[in-house]
Amino acid sequence: MTFARSLSAMVLAALPLMAHSLPGPQLAPATLISPANSDINRIDTADIARANDGRSVIAWAEQGFIYIQRINADGSRNGMRINGNALGTGTVRDLQVAIDSSANFAIMYTKGFEQNAITYFRRFNADGSPETQEFESQSSFAALTNETGFENCLATRFRATSFPSLDMDTAGNVAFSYSVGHYCGSAIISNELRYRYLPKNNAGSEPIQVGASVPAIDSTPYNFISHTDIQDGQAVVLYTRRMASANLLSAQRYVGTMSSGNSVDVVTTGVNAVSIKDIGILQTPNGGFVAAWNGNTFNPENNSFSPNRVFLRRFNSNNTATDATPVQLLGVNLLAMQQESDGDYAVVMTNNSTWIGQRFAASGGDATSLFSNGFYLTDYDNTTPVALSKRLANNDHEVLYNKNDNDTAPFNLLHLVRYGGPEGTPKLTMQLSKNPIVAGMGDQIILRWISNVVGPFNNGTCQATGNWGGFVAPSGTRDLGFFSVAGDRTYGLICGQNSQGLVQEVTLNVQGTEQPLPTPTVNLSVAPTSINSGSAAQVNWSTTNATTCEASGAWSGSKNTSGNESTGALSTPGTLTYTLTCRNQGGPTATQSAELQVQADTAPNIFSFTAATNVNPGNLVESNTITISGINGAAPISIVGGSYRINGGQYTSASGTISNGNTLQLRATASNTPGATNDATVNVGGIEAVFTVTTRMPDNASTVRVNDSRNNAVEFMSSEGTINNLRTVPTPQGAPTTREYPNGFFAFNIDNVTAGGTVTVMVTLPADARPTSYLKCNDAGTSCADFPGATFNNNVVVLSLTDNGAGDNDPRLGFIADPGAPAITPVSTGGAGMTNAGGGGGSLNALLLPLVGLLLWRVRKKDI
């Protein structure tokens with residue numbers, strides 16, 4: 001598709017603001033937004049958002065203050081400007097505004113830098129009144145005294161926030177992301193990216209970390225640059241991440257608060273992003289997304305990077321790139337991505353002193369040039385661009401820029417100008433405000449038309465035919481007045497060739513009072529008809545012979561006679577009924593309903609039980625009591641290896657159900673074997689947790705202590721025999737380099753054990769030790785392998801050693817010997833067990849792993 005026309009010299013003379021080769025005809029004179037402070041030289045921090053019905057909101061900053069101006073659908077100002085009452089001290093930066101289909105809106109901004117940076121958020125109603133008393137700070141003092149890097153910071157721990165990216169869907173659900181800096185006083189420790197989801201009528205989520213955190217290098221913070229897009233409660237976050245010295249781009253999807261799959265690598269080199277306007281992302285109707293960014297390519301022949309360009313890459317609903325490599329566009333700096341109602345989108349860029357745009361179909365394919373001659377040419381410096389609307393209501397195009405009104409004035413006057421939609425295909429649409437009507441009923445009829453081409457007649461006009469006449473601008477409205485006589489009226493318009501669809505007409509049907517109005521029909525559906533709690537569905541409807549529609553039941557308010565609407569994320573289980581009643585001009589009505597089933601969420605939040613240690617053999621032991629949370633329906637519960645009780649009731653081992661807020665306690669029997677563990681494993685809604693009971697060692701157990709490689713005390717206890725010659729030894733030659741041995745290697749002998757018998761050895765490591773495997777080596781130290789007879793419980797390791805069997809390298813009866821060590825960061829080695837090397841001496845060199853006594857079973861938390 002190609003853009004059909006450029007502006008003629010006559011149009012340039014008649015419409016001076018069109019003299020810069022814009023993407024379509026100007027729809028109305030520019031709207032002037034005067035600053036509150038006349039001393040401001042120019043407005044550099046501003047944003048604009050537009051609702052589906054054409055209403056807009058502009059927000060701009062003047063030093064430390066925020067001002068808001070609402071704009072009507074016709075481009076005129078709606079009331080006076082509003083003082084946004086920004087919090088914090090210093091200059092406002094990163095200002096953003098987002099809007100829903102009802103023109104309710106939200107604002108986000110940052111004040112301060114580095115450790116003093118704070119990002120704020122606030123919702124407003126469509127009339128400009130704030131929903132909340134004041135802006136909500138996203139920064140906070142670190143809550144945990146043992147948070148990594150903050151151990152010695154006390155009151156100086158702080159999470160600074162900056163570089164936010166804000167978006168709102170048509171239902172008013174908000175998603176935003178922002179960079180977080182962890183500071184100890186003024187010293188940066190690490191940075192991370194966080195995401196929040198704030199549904200329209202429910203409490204917002206806690207911040208969710210996106211990807212991995214980045215430690216500070218040379219005391220320099222790393223600011224995550226991100227761009228967030230949300231549609232129908234589903235969000236995608238595009239963000240930079242650091243790999244060595246390069247910036248990469250990744251994308252992460254969310255359905256409300258729940259992440260949807262793993263992150264996606266968009267591009268792995270050459271990203272140049274220092275502000276939120278340097279990257280952009282949009283979701284497409286087919287479930288995919290498209291990302292754009294400033295970047296360059298590396299030329300290995302001369303070992304250098306190319307000049308900056310704008311790149312684009314598209315992905316399908318499975319997060320698979322449909323472009324094998326990034327597509328290089330015509331511009332050198334990204335300005336904005338804009339999306340039309342049908343999902344088609346445009347990428348707007350600068351190229352030296354011009355603006356250029358390229359349009360893409362949502363279904364894919366090559367780009368179409370929109371306005372390659374640029375928006376602003378010689379007047380670029382006097383018409384500084386500030387922001388462009390992200391959503392294109394009626395495919396109209398909005399530009400917010402600074403411009404002086406005379407040669408001596410400063411560039412401090414914000415202007416808002418609208419142009420015909422940036423679609424590449426010539427387009428003409430005509431619409432009546434109501435049709436049909438009844439004669440004499442007092443119905444005032446408005447005719448609206450819009451074209452994205454310049455008309456072929458004098459001064460770029462179009463010719464009106466039928467029941468009106470003359471020449472009109474390519475886009476506009478006409479009040480047709482009232483009608484008292486029945487009959488059809490036809491209104492036509494010629495804006496170009498008929499083969500291009502630029503000749504159209506509409507017919508107004510004025511009916512007599514004695515003629516009955518036809519009964520409307522309503523077709524209403526919900527898809528899907530069943531969803532999980534926390535998900536969203538879509539309500540779709542169409543009608544015939546209807547002029548107005550009203551929603552009731554699970555939704556409310558006036559609705560168009562056809563359309564679709566997201567339910568937003570729904571958390572309460574049950575059956576919801578959506579009803580739509582439509583009327584034909586105050587006459588007959590029709591009603592239809594559709595049901596949506598919201599399934600309960602029965603997977604609870606993380607829960608765990610503290611392990612019981614040093615328990616007498618055969619004793620029945622109760623766990624600590626926990627409270628089930630994070631579910632909104634009855635969850636199934638079952639147990640293996642023990643019993644449970646709910647809310648202090650009777651213990652049972654039978655399967656049952658448990659509800660949110662119920663308490664849960666487990667019970668298990670200790671093993672009769674010293675040092676052995678018994679587990680009671682409970683499953684609630686698919687989430688498992690374990691209560692571990694460890695039997696104490698005998699009173700006469702041989703107990704010996706030794707200092708590990710870090711000079712920390714380590715205790716060894718044997719259920720039988722006597723531990724002798726306990727010592728640390730050098731790391732053997734055969735120890736795998738894929739492991740770490742923070743406590744070093746140990747060797748010891750156990751003498752006077754029952755011939756052929758099994759001995760339990762409990763090794764208590766320093767409290768912070770958390771081994772995950774235990775290696776045993778031959779006497780020569782040339783061969784080491786995982787020892788399967790080891791179990792782990794936090795800092796306690798329990799070894800089961802058999803004379804002349806597992807764990808013994810000494811062939812003599814009654815003596816055990818082997819070297820070994822507890823290890824962390826294991827990589828699966830396949831462990832083929834070591835071979836017995838024969839003898840030596842009558843002692844067991846046992847390398848000991850730290851683990852189990854008290855076991856705090858950590859369970860994987862469900863994604864929420």
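A brief look at the structure comes next. (Residues numbered from 1 in each chain as written. Predicted model: local features only at pLDDT ≥ 70, side-chain atom pairs only at ≥ 80, totals over all residues. Heavy atoms only, no water.)

We now examine the sheet that holds strand 65 (residues 790-793). The pairing of strands in a sheet comes from backbone hydrogen bonds and takes either a parallel or an antiparallel form. Strand order in the open sheet formed by 5 strands is 58-59-62-66-65, with antiparallel pairing between adjacent strands. Looking along the sheet, the strands with just one partner apiece sit at the ends: strand 58 (702-707) and strand 65. Taking the axes of each pair of neighbouring strands and ignoring which way they run, one obtains an average angle of 20° across the sheet. In this sheet, strand 62 (residues 758-764) lies alongside strand 59 (residues 713-718) in antiparallel orientation, the contact comprising 4 bridges. Considered in strand 62, the bridge of Glu715 is made with Thr764. (Pairing = 2+ DSSP bridges. Helix = DSSP H or I, 4+ residues; strand = E, 2+ residues; numbered from the N terminus. Axes fitted to C-alpha atoms, helices over the stretch in contact; angles between N-to-C directions.)

What follows deals with unusual backbone geometry. A cis geometry characterises the amide bond from Asn435 onward to Pro436, with omega recorded as 0°. With respect to the helices and strands, Pro436 occurs in the loop between strand 33 (428-432) and strand 34 (437-438). Of note, the amide linkage connecting Ala527 to Pro528 takes the cis form, showing an omega dihedral of -10°. Structurally, Pro528 can be placed in the loop between strand 41 (521-527) and strand 42 (530-532). Phi at Asp232 is positive, roughly 55°, even though this residue is not glycine. Turning to its location among the elements, Asp232 is positioned in the loop between strand 14 (226-231) and strand 15 (234-243). Unusually for a residue other than glycine, Asn725 sits at a positive phi of about 55°. The class of Asn725 is partly exposed, set by a relative accessible area of 46%. (Buried < 20%, exposed > 50% of the residue type's maximum accessible area, 1.4 Å probe, protein only.)

Another point: the pairing of strand 6 (residues 92-99). Counted residue by residue, strand 6 has 8 buried out of 8 residues, so it is predominantly covered. Both strand 6 and strand 7 (residues 105-111) contribute to a ladder of 6 bridges, which runs antiparallel. Paired with Ile99 across the strands is Phe105, a residue of strand 7. Where strand 6 folds back onto strand 7 in an antiparallel hairpin, the turn is made up of 5 residues, including Ala103, whose phi is positive at roughly 70°.

Quick look at the nonpolar core now. Counting residues in each nonpolar core, the largest one holds 25 residues, and the members touching the most others are Phe607, Phe609, Leu664, Val682, Val684 and Phe691. Among the secondary structure elements, those contributing two or more residues to this core are strand 49 (612-615), strand 52 (635-640), strand 55 (663-669), strand 56 (677-684) and strand 57 (687-695). Tallying contributions element by element places strand 57 first for this core, with 4 residues. (Core = buried A, V, L, I, M, F, W, Y, C linked by side-chain atoms within 4.5 Å.)

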